[in-house]
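Here's the letter readout for the chains.
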Amino acid sequence: LKGVRVARAHQTIVIGTADIEPAQRLDIALNSPTAEAHCVVVDERDIAIYVADIIYRGDCVKLDINLLNATTE
């Protein structure tokens, strides 16, 4: 969005398993692994400009986390 300045963006991911509806929608077996994500993006006026609840198939998720909070080149 032009003119929008993002102040904060936060995502929480919970590892879980698919119940009936997500299993059907994602075309996976019942109780298959999933990653459930809640994402919020807030602008500089502290207004949420994007909010999403997403369920990912477990076979499509990879976490790459820098545990020392250092930059890599």
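Residues numbered from 1 in each chain as written. Predicted model: local features only at pLDDT ≥ 70, side-chain atom pairs only at ≥ 80, totals over all residues. Heavy atoms only, no water.

## Considerations on the environment of V6
By the secondary structure assignment, V6 is in strand 1 (residues 6–17). The spatial distance from the C-alpha of V6 to the C-alpha of D46 is 9.2 Å, given a sequence separation of 40 residues. (Helix = DSSP H or I, 4+ residues; strand = E, 2+ residues; numbered from the N terminus.)

## A look at the sheet that holds strand 3 (residues 48–57)
Spatial ordering of the open sheet is given by 1-2-3, a layout of 3 strands whose pairing is antiparallel. Edge positions in the sheet fall to strand 1 and strand 3, since each of these pairs with one other strand and no more. Pairs of neighbouring strands in the sheet enclose a mean axial angle of 10°, with direction left out of account. Looking at chain direction, strand 2 (residues 33–43) and strand 3 are connected through 9 bridges and run antiparallel. Its bridge partner lying in strand 3, V42 is registered against A48. (Pairing = 2+ DSSP bridges. Axes fitted to C-alpha atoms, helices over the stretch in contact; angles between N-to-C directions.)

## Thoughts on the pattern of salt bridges
Inspection of the entire model under this criterion finds 5 salt bridges. We note a salt bridge from R5 to E44, for which the minimum N-O separation is 3.9 Å. Separated by 39 residues along the polypeptide, R5 in the segment before strand 1 and E44 in the loop between strand 2 and strand 3 bring together distant segments of the chain. The exposure class assigned to E44 is exposed, which follows from its relative accessible area of 54%. We note a salt bridge from R8 to D46, for which the minimum N-O separation is 3.0 Å. In this pair, R8 is assigned in strand 1 and D46 in the loop between strand 2 and strand 3, connecting sequence segments 38 residues apart. Looking at R8, the relative accessible area reads 47%, which means it is partly exposed. (Salt bridge = Lys/Arg side-chain N within 4 Å of Asp/Glu carboxyl O. Buried < 20%, exposed > 50% of the residue type's maximum accessible area, 1.4 Å probe, protein only.)

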